[in-house]
Amino acid sequence: MRVLLVEDEPHLVKEISEFLVTESFICDVSTSLREASENIAVNDYDFVLLDLGLPDGDGLTLLDELSQGNASVVILTARSEVDDKVKGLQMGADDYLAKPFSLLELKARMQAILRRKGGWKKEQFPIGEFEVDFAAKTIMYAKTEIKLTSKEFALLQFLLINKNRVLNRFQLAEHLWGDHLDDDYQSNYIDVHIKNIRKKLGEYAATDWLETVRGLGYKVKI
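Residues numbered from 1 in each chain as written. Predicted model: local features only at pLDDT ≥ 70, side-chain atom pairs only at ≥ 80, totals over all residues. Heavy atoms only, no water.

Asks: Would you explain the packing of helix H6 (residues 150–161) against helix H7 (residues 169–177) in this entry?
Replies: In a packed pair of helices, the relevant descriptors are the angle between the two axes and the axis-to-axis distance. Relative orientation of the contacting elements H6 and H7 amounts to 130°, with a least axis distance of 10 Å. Relative to H7, the element H6 lies oblique. As H6 runs across H7, the sense of the crossing is right-handed. Side by side, H6 and H7 meet where Lys151, Ala154, Leu155, Phe158 and Leu159 of the first sit next to Gln171, Leu172, His175, Leu176 and Trp177 of the second. (Axes fitted to C-alpha atoms, helices over the stretch in contact; angles between N-to-C directions. Helix = DSSP H or I, 4+ residues; strand = E, 2+ residues; numbered from the N terminus. Parallel < 35°, antiparallel > 145°, perpendicular 65-115°, else oblique. Left-handed = near helix turned anticlockwise from the far one by under 90°. Contact = heavy atoms within 4.5 Å.)

Asks: Got a minute to help me understand the domain arrangement of the chain in this structure?
Replies: One widely used convention gives an interface's size as the accessible area the parts lose upon coming together. Assigned domains within the chain: domain 1 (2–116) and domain 2 (124–220). Each side of the interface is counted separately: domain 1 has eleven residues, and domain 2 has 13 residues. Of the roughly 940 Å² buried between domain 1 and domain 2 on both sides combined, carbon and sulfur atoms contribute 44%. Taken together, the links from domain 1 to domain 2 amount to one salt bridge. Between glutamate 23 and lysine 137 there is a salt bridge; the shortest N-O distance is 3.8 Å. The interface formed by domain 1 and domain 2 includes one residue pair in polar contact (both at pLDDT 80 or more). Counting residues per element, the side of domain 1 that touches domain 2 draws most heavily on helix H5 (residues 103–118), which supplies three residues. Split into classes, the residues belonging to the side of domain 1 that touches domain 2 amount to two nonpolar, four polar and five charged. (Domains from an automatic or database assignment. Buried area = accessible area lost by both parts, 1.4 Å probe. Salt bridge = Lys/Arg side-chain N within 4 Å of Asp/Glu carboxyl O. Polar contact = N/O pair within 3.5 Å; in protein donor to acceptor, adjacent residues only side chain to side chain. Nonpolar A, V, L, I, M, F, W, Y, C, P; charged D, E, K, R; others polar.)

Asks: Sorry if this is basic, but what is going on with unusual backbone geometry here?
Replies: Peptide bonds are mostly trans, and most non-glycine residues show a negative phi. With an omega of -5°, the peptide bond running from lysine 99 to proline 100 counts as cis. Along the chain, proline 100 falls in the loop between strand S7 (95–98) and H5. Positive phi, close to 60°, is recorded for lysine 137, a residue that is not glycine. Note on placement: lysine 137 falls in the loop between strand S9 (130–133) and strand S10 (138–141).

Right, dumping it as structure tokens:
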């Protein structure tokens with residue numbers, strides 16, 4: 001998943017971005033409102049982690065811009081005032097974490113947001129004859145774990161989060177790689193990954209819930 005970290009404290013930028021990368025997120029960083037606004041205008045993010053005390057203004061002003069997209073917003077701030085928290089949530093933020101915070105708690109909050117938006121009440125959920133665990137990043141058939149690569153699981157997870165919605169190859173590629181590869185290369189790799197997922201899962205049970213929408217892209221139908 002693609003995350004925009006809006007934070008101006010260098011040690012926090014390093015700590016949070018490195019953690020997110022180890023958790024298989026793509027992480028862009030903005031250290032000011034201006035940079036964040038530019039990134040939001042040209043990129044589609046799954047999450048925005050938003051500090052409020054930025055050098056060129058209040059991070060809350062970005063929430064209007066973010067309301068036009070699909071990003072989930074977690075406010076990260078040292079402010080302790082209740083009014084700031086309430087105002088941010090009323091303006092559309094999904095959650096709020098006061099500094100200092102545990103990186104594992106941040107991850108748990110992000111996973112909880114994904115569950116709410118996907119309509120799931122727990123980390124494990126069934127799809128066809130399989131069970132997917134977002135936290136453990138595993139997919140099981142009965143008691144057998146099916147080995148997917150990190151990119152294959154990330155692709156499947158993104159489709160599951162957006163269940164019943166057609167995602168084109170560009171959206172899927174941007175989710176996996178950001179802006180680092182050319183369009184043709186990305187598109188081909190999406191098809192290869194989908195083929196590999198179907199092959200690995202198909203050895204155990206049907207995967208007709210993973211649909212190809214001709215001329216458009218792919219979707220998980222539940």
